[in-house]
Every structure is written in structure tokens, then in C-alpha cells.
Amino acid sequence: MCGIVGYIGRRQSQKIILSGLKRLEYRGYDSAGIATFNEEKISVTKCSGKVTDLEKKLSNKPHSSTMGIGHTRWATHGAPNDNNAHPHIDFNNKIVVVHNGIFENYSSIKQLLLENGIYTKTDTDTEVIAQFIGFLYSKEKDFMPFNAILRMALKEVVGTYGLLVMCLDQPEKIYAAKSGAPLVIGVGDGENFIASDTSPIIEHTRNIVYLDEEEIAVVTKDDYKVLGDDNSVVVPKEIETIKYSLDQIEKGGYEHFMLKEIFEQFSSVSESIRGRIAPDIAEVRMGGISGWTNNILEANQIYITACGTSWHAGLIGGYMIEEVLGIPVKVEYASELRYRKAPIDSKTVVMAISQSGETADTLATIRKSKEKGATTVGIVNVVGSTIARETDCGVYIHAGPEIGVASTKAFTSQVTILCLMTLYLAQKKGVESEDITQMKTELITLTEKVKTVLKVDDLIKKIAIDYKDSQNFLYLGRGYQFPVALEGALKLKEISYIHAEGYPAAEMKHGPIALIDEKMPVVAVVTHRAYDKIVSNIQQVKARGGKVIIVTSEVNKELENFSEHIIEVPSIHHCLSPIINIIPLQLLAYHIAVLRRCNVDQPRNLAKSVTVE
Ligand code: G6P
């Protein structure tokens, strides 16, 4: 979703901000803009489209400004056009703002501005806040410092923001304010950066400071001062270090980030496992939740909450926890759970799964659950993200930066971690079984099987040619393969814009079977569990002329007779099988999308990190 980059220092800001905005493209956006100080005036350039369009627009405006703010916008209020793109400037041309998040009460503030003769020129909530700060500034500037005026404005707004503000009368300062949308300061030598995540910062400095809720930072080229909620106290902040390397956020020879990330699963899954299970399987270690083990094991119920792909991983986690630990688990979309009157209390554990650690609905659900006394657990990829910081305890999945909007390696690492967590809790509970021993043994060799399954890439490239023009796809699975079917369908629709549905195979006869004809490809994930049942579901598809693609570890004549294509995958314990079985489905979606000439890494309308409701 929207991205922010600010720079103040010795170098030309425009170049640094543009290259930072390119690093944020992965988040998904539809317009871009930049504001800089040029010869004592604020200069704003913005346009719909890509950062390269903005770059072209700026090519005849070279300047030497060493301070500026930039933005990539994912439209919420108002169409994605030049006018609505950020930055937004106030009626006096003094205050300029870029904003991530939503000001929910912007209409009432707009009304107040109108009553004072101030008219807005765009459809956005952000312009309203720029005008409002400008309005307060025009009245209060002789009586209070700018940071107090900014705070006064922010006290009036309801909503979420990561906000950068420049004021013409303060050419040496960028103000940053955070509430519900992340902002991080990159601490350089004689220069400082501010961004919505660390990716635009890493090529300049690894030293970072995360802003916390309701903080305002006053950033100059040599310093940064972070003010707490009441504005009078300077909050001491710890400088942290970016842990990943620059090449992890580059394509490394692959045509797309998504393909790189699919192939990286060999190493990302291994990073998730590393240090968490002894090679002799004698012990599973999970430092991040060790202090909270009793709360989890003694819980009356567990809620797993997440959105999108992470929710699919959650379904698999729910199955595992119920099967191995016998604790009831409900897996809920965060956007639903946050508004439900669910019986969450101090005997409840709420686990949030999130790649970005910033998804607005997941975060809101965690906050609400904490208020009700629940123990909250984060299963997160992005280190230092808000969900990671706000949950009581948690585990990083360590999949490394995921840039492709369609999540791939985060999913397999999430499932891996859920498996390790289940085994860790079983160990603490003293539960032992043959299944548990097998799961542990298979975790040790899991990455080899990931490597093996990636070899199906060439076959899938060929299969994709046959189905690239399909209008609909159905994905079927039973048990642990049902979430795999959901995730396979989601991958296809996200990046190829083909309508696809995932269904529990037996449920097909209660509806989707009506859609099946010779134009409908059906992808079925078949394992030895419930083999006969799913085979009969496939027969029902075949009898109606459907085209069947089977992903299976059980290749045999029977399946060959029923299918157009068989994709063979290594056999593995059923709890771990989603990690293996999803990979061919990721590749199928990828190759179909490439053949359809879709923008694989930045699909239309989608965002990597959904920081609004
Ligand atoms: C967006 C992304 C998906 C992701 C979902 C949840 O929709 O495009 O890939 O699965 O958000 O994101 P999270 O960061 O919370 O896992």
C-alpha cells in the first residue's frame, strides 16, 4: 500500500527519494509524487502511474535541494489521478504533507475549513489534513512551535497515519508523525532518512529507529528528536540494525521477484527451521514463546487470526494444533473477528499471522484481544513490525524480505513455523507419538524435498500453455490440502486475473459441479490420506468433461486415466505436505500470469501491506 520516503542531508534529495520510491513499488500503488525545497519555495511534482512517470515529469526540473518528501499512493479517497496524488499542500503554500493511512473524520474537518473560507482542491482525506495544519499554523505560529501545532492538528483527527510534513518557514526540518502506520528513521552521517519501511533506507545506512504510536519526530540533517504523546518529553530511542542484505531485495537475475521467491523457498524454509530443532530431533526450541508456554497450553481456546495468504497458513496451523495438542482452535479472518462479539478472555490465546506485521485488520484484532485480557502471539516475517512489537510473545518466520505482492515463501515459512510451534508445545505438554517423531524427522529433511519439488518447473511451464486462456479454474483438496486449494486459487486470481475458486473436494457437489464443462480446468491435490474419496470427486469432474490437473505423491495408472496432467511431488507427513504441494500451484499461477503478460510482481489493485481497513 502507500509508501513514504523523506530525505534531509547533504546530497540531492530528488534522486535519493526517487530511488527510495522505486524500492517501495512492491507495496502496490497507482500514483507517485515528491515535494522539495527549491530556492526558498516548496516545489511539488506528482502524477498518476509509476515512479518512472514521475521521473520523466521531473527530468526537466533539475535542482539541488537537499531536503524533500516523496510518496507512492494506493487510492482510498478519490480516483488515482494527478490531482489526488500526494504530496498535498495547504492554501498558503507553506505546509506540505505525504500520508499513509486514512483520516476517518476528514469530512467534519473539511466542513470546519469551509466555514473558515478554506476550500480543498482534491478528493483526498490527506489534503484536508494539510489544509488543517496550514489553518492552525496561520493562527498559532506566533504562539507555539510547529511541533505543537502539528500535535494540535493530530489530536483532532480520527484514523491512522504515517505522516511527513515540511513547513516553508522551517527549511531545515522534516516532521514525522505516526499512529497506526509504520515509520522508520534511517540514521546517517550528516543526513537522515524517513520511510514507511526499511527498503529505501538500507542502501544508505543500516542504523534505524522505529517510531512508536503517537510519536512525532523532528528530523534535521544531523539529528532527530522524538517527542512523546504530550510533546514535552524527548523519548530516548534505541538504534537498531537492519538485518537483511541489499541483494535480498533485488531480483538477482530472475525475471520477477515472485519467481525468485518461489525458488528461494529452499533457503527460506531452512532459515525458518534453523536453530529451532536439534539435528537429533531431541529438542524443539522456540525462545520467542518460551515464557508464555503455560498461558498457551492452559488456554480454553485458541483463535488464529490473519488475512489473505496468512489466513490460509492459519487454517493449516489450526488443524495441526487441534490434531496434536487437542486444544480447540478457531481460525478467523481478522476483518471479521475484530467486529465480532467473540468470547475472548484471559483464558484465550490469539495468534496473529502476518507477513508484513502491519496489516490493519490483524493489528486491530490483536489490540482488541489484548484489551479483553487474551494472550497474544505474533507469527510475523518483518522484524520490528508493529504486530511483532505489540503482541505479548511470538516467533519470527525468518523468510527474508518478500517483495512480490503475491505471497509465496512467507506462506511456506508460516506453515513451517506453525508446525514447529505445535511440536514445541507438544514437547512442553509431554505429548509423544509416532506422528510427532515423524514430523520432527521430516522437518530435518524438508528443505531437500522443497528442492526436489522445484524441479517440476519445466513441466508446469508446458502445462501453463494449455490453460493460459481459461476463464475459470477450480482447485480441490481435502483435509490439509483444502487450504492448499484455497491458496493455489488465490495465487492464480491475484496475478493472472483468472477467476479461481478453492473448494473442499467433497463440497464441490453442492454447487461448483454445476460449472464444470470441458472449458473448466480442475486442479486436484491428492495425497494418500482420503485417497479413495478424492479420487471419486475427480471422477465426478471427469464425467462432466472437466480438464483435470493432479498434484500428487501417489502417481499411478488410475490417476493417469482420470487426468490430463499429473504433477508428481515428494511424499511427506500430512502436516508438512502443504509446504510441498503449494509449490507447483505457485509455479502454475506464475507461468500462466507471465503468458498472459500480467504484471506479476505488482498486480493491479493489490497491495503488499494492507495498512487500511
Ligand atoms: C495482502 C497481500 C497478501 C497477504 C495479505 C495479508 O492482501 O497482497 O499477499 O497475504 O495482505 O498480509 P500479511 O502481511 O498480514 O500477511
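Placed above this text is the structure.
An account of the accompanying structure is given in this report. By convention here, each chain's residues receive numbers from 1 onward along its written sequence. Per-residue local features of the predicted model are confined to residues with pLDDT of at least 70, and side-chain atom pairs are confined, for both listing and counting, to 80 or more; whole-chain, interface and lining totals are unaffected and use all residues. In computing side-chain properties, one takes all heavy atoms of the structure into account and sets aside hydrogens as well as water.

### Here's the deal with the overall build of the chain
Now for step 1: Numbering of helices and strands starts at the N terminus; helices are DSSP runs of H or I of at least 4 residues and strands are runs of E of at least 2. Looking only at helices and strands, one finds 20 helices and 24 strands in the chain.
Now for step 2: It is over C-alpha atoms that the radius of gyration is taken, and the globule rule equals 2.2 Å times the number of residues to the power 0.38. In terms of overall size, the chain behaves like a compact globule, its C-alpha atoms giving a radius of gyration of 26 Å where 613 residues would be expected to give roughly 25 Å.
Now for step 3: Projected onto its principal axes, the C-alpha coordinates of the chain cover approximately 80 × 55 × 45 Å.
Now for step 4: The buried label applies to any residue whose accessible area, calculated with a 1.4 Å probe on protein chains only, is under 20% of its type's maximum; exposed applies above 50%, and partly exposed to all values in between. Relative to its 613 residues, the chain shows a buried fraction of 61%.
Now for step 5: Note on contacts: a residue pair is in contact if any heavy atoms of the two residues lie within 4.5 Å. The contacts of the chain with a sequence gap of at least 6 include a subset with a gap of at least 24, amounting to 72%.
Now for step 6: Here, Shrake-Rupley sampling with a 1.4 Å probe gives the accessible areas, and only protein chains in the shown set may cover a residue. Within the structure as shown, the chain displays about 23300 Å² of accessible surface, and the carbon and sulfur contribution to it stands at 49%.
Now for step 7: Counting rule applied: Lys, Arg positive; Asp, Glu negative; His and chain ends not counted. One atom stands in for each charge, and that atom is NZ of Lys, CZ of Arg, CG of Asp or CD of Glu. Measuring between centres, the 67 positive side-chain charges of the chain sit 2 Å from its 75 negative side-chain charges.

### Considerations on the environment of Ile 216
Now for step 1: On the secondary structure map, Ile 216 appears in strand E12 (residues 216-219).
Now for step 2: The exposure class of Ile 216 is buried, given its relative accessible area of 0%.
Now for step 3: As for Ile 216 and Asp 345, which are separated by 129 residues in sequence, their C-alpha atoms are 34 Å apart.
Now for step 4: Setting aside anything within four residues of it in sequence, one finds Ile 216 in contact with Asn 147, Leu 150, Arg 151, Leu 154, Ala 176, Ala 177, Lys 225, Val 226, Leu 227 and Asn 231.

### Some words on the sheet that holds strand E15 (residues 301-306)
Now for step 1: Note on pairing: two strands pair once DSSP finds at least 2 bridges between them. A sheet is described by the order of its strands in space; here five strands give the open sequence E16-E15-E17-E18-E19, paired in parallel fashion. Looking at which strands have only one partner, the edges of the open sheet turn out to be strand E16 (329-333) and strand E19 (393-396). Across the sheet, the mean angle from the axis of one strand to that of its neighbour is 20°, orientation sign disregarded.
Now for step 2: Bridge count between strand E18 (residues 375-380) and E19: four bridges; the pairing is parallel. Residue pairing in the sheet places Gly 378 in a bridge with Gly 394 of E19.
Now for step 3: Where helices are involved, their axes are fitted lines through C-alpha atoms of the stretch in contact, as for all axes, and angles between N-to-C directions lie from 0 to 180°. Helix-sheet contacts for helix H12 (residues 360-371) involve E15, strand E17 (348-354) and E18, and the interaxial angle to E17 is about 165°.

### A word on the site of the ligand
Now for step 1: Nearness is defined per residue: one heavy atom within 4 Å of the molecule or strand is enough. Taken together, the neighbourhood of the ligand is formed by 14 residues, with Ser 310, Ser 354, Gln 355, Ser 356 and Thr 359 sitting nearest.
Now for step 2: Burial of the ligand by the protein amounts to 90% of the accessible area it has alone, namely 390 Å².
Now for step 3: Per-element tally for the shell around the ligand: the top contributor is helix H10 (residues 308-325), with three residues.
Now for step 4: Gly is placed with the polar residues, together with every amino acid not listed as nonpolar (Ala, Val, Leu, Ile, Met, Phe, Trp, Tyr, Cys and Pro) or charged (Asp, Glu, Lys and Arg). Considered class by class, the residues forming the shell around the ligand number four nonpolar, eight polar and two charged.

### Description of helix H20 (residues 577-595)
Now for step 1: Over its 19 residues, H20 extends 28 Å from the first C-alpha to the last, a length consistent with the 27 Å expected when each residue adds 1.5 Å.
Now for step 2: Of all 19 residues making up H20, 17 are buried, and the element is well covered by its neighbours.
Now for step 3: Immediately downstream of H20, the backbone of Arg 597 shows phi near 55°, a positive value. To estimate the expected span of a helix, count its residues, drop one, and scale the result by 1.5 Å.

### Quick look at the packing of aromatic side chains
Now for step 1: Classification of ring pairs rests on two measures: the distance between centres of Phe, Tyr or Trp rings, Trp counted by its six-membered ring, which must be within 6.5 Å, and the angle between planes, read as stacked under 30 degrees, edge-to-face over 60 and tilted in between. Under the defined criterion, the tally for this structure stands at nine aromatic pairs.
Now for step 2: Each residue in the set Tyr 137, Phe 146 and Tyr 175 is aromatic and connected to the rest through ring pairs, giving one cluster.
Now for step 3: Criterion for a charge above a ring: Lys NZ or Arg CZ within 6 Å of the ring centre, and within 35 degrees of the ring normal. Above the plane of the ring of Tyr 137 lies Lys 141, whose end atom (NZ or CZ) is 6.0 Å from the centre.
Now for step 4: Over the face of the ring belonging to Tyr 497 we find Arg 604, whose NZ or CZ atom lies 3.8 Å from the ring centre.

### A few points about the pairing of strand E11 (residues 207-210)
Now for step 1: Strand direction decides the pairing type here: strand E9 (residues 184-187) and E11, joined by three bridges, are antiparallel. Considered in E11, the bridge of Ile 185 is made with Val 209.
Now for step 2: Pairing analysis gives two bridges linking E11 to strand E14 (residues 240-241), with the strands arranged antiparallel. Along E14, the bridge assignment pairs Asn 207 with Thr 241.

### Here we look at the pattern of salt bridges
Now for step 1: Salt bridges, as used here, are contacts in which a Lys or Arg side-chain nitrogen is within 4 Å of a carboxyl oxygen on Asp or Glu. If you walk through the whole model with that rule in mind, you get 31 salt bridges.
Now for step 2: Between Lys 22 and Glu 55 there is a salt bridge, with its nearest N and O atoms 2.9 Å apart. One end of the pair, Lys 22, is in helix H1 (residues 13-23); the other, Glu 55, is in helix H2 (residues 51-58), with 33 residues separating them in the sequence.
Now for step 3: Here Arg 338 makes a salt bridge to Asp 361, at a shortest N to O gap of 2.6 Å. Of this pair, Arg 338 sits in the loop between helix H11 (334-337) and E17 while Asp 361 sits in helix H12, placing them 23 residues apart in sequence.
Now for step 4: In this structure Asp 361 comes out as buried when scored by relative accessible area, which is 11%.

### Describing the environment of Ile 327
Now for step 1: Here Ile 327 is to be found in the loop between H10 and E16.
Now for step 2: Classification of Ile 327 by relative accessible area gives buried; the value is 6%.
Now for step 3: Taking the C-alpha atoms as reference, Ile 327 lies 9.4 Å from Ile 296; in sequence the two are 31 residues apart.
Now for step 4: Setting aside its immediate chain neighbours within four residues, Ile 327 contacts Ile 296, Leu 297, Ala 299, Gln 301, Ile 302, Ile 321 and Glu 322.

### Description of helix H3 (residues 106-115)
Owing to its 3.6 residues per turn, the α-helix aligns residues three or four sequence positions apart on the same side.
Now for step 1: Of all the positions in H3, only Tyr 106, Ile 109 and Leu 113 are classed as buried. One side of H3 carries all its buried residues, which in axial view fall inside an arc of 65°.
Now for step 2: Where the residues of H3 are buried, they touch helix H4 (125-140).
Now for step 3: Within two residues after H3, Gly 117 carries a phi angle of roughly 80°, on the positive side. The reported arc concerns the directions from the helix axis to the C-beta atoms and nothing else.

### Description of the environment of Cys 2
Now for step 1: In this fold, Cys 2 is placed in the segment before strand E1 (3-8).
Now for step 2: Between the alpha carbons of Cys 2 and Gly 502 there is a distance of 30 Å; along the sequence they are 500 residues apart.
Now for step 3: The contacts of Cys 2, once residues within four sequence positions are left out, are Arg 27, Gly 28, His 71, Thr 72, Arg 73, Trp 74, His 99, Asn 100 and Ser 196.

### A look at the nonpolar core
Now for step 1: Here, nonpolar core refers to any group of buried Ala, Val, Leu, Ile, Met, Phe, Trp, Tyr and Cys residues whose side-chain atoms link them within 4.5 Å. Core analysis: the largest hydrophobic core is formed by 95 residues, its most contacted members being Ile 289, Phe 473 and Tyr 475.
Now for step 2: Of the residues forming this core, the biggest block, 12 residues, is contributed by helix H14 (residues 409-429).

### Observations regarding the side chain of Ser 65
Now for step 1: Note on placement: Ser 65 falls in the loop between H2 and strand E4 (67-73).
Now for step 2: Definition of a polar contact: a pair of N or O atoms within 3.5 Å, with one able to donate and the other able to accept a hydrogen when the atoms are protein atoms, and with sequence-neighbouring residues admitted only if both atoms are side-chain atoms. In terms of polar contacts, Ser 65 uses its side chain to reach the backbone carbonyl oxygen of Met 67, at 2.9 Å.

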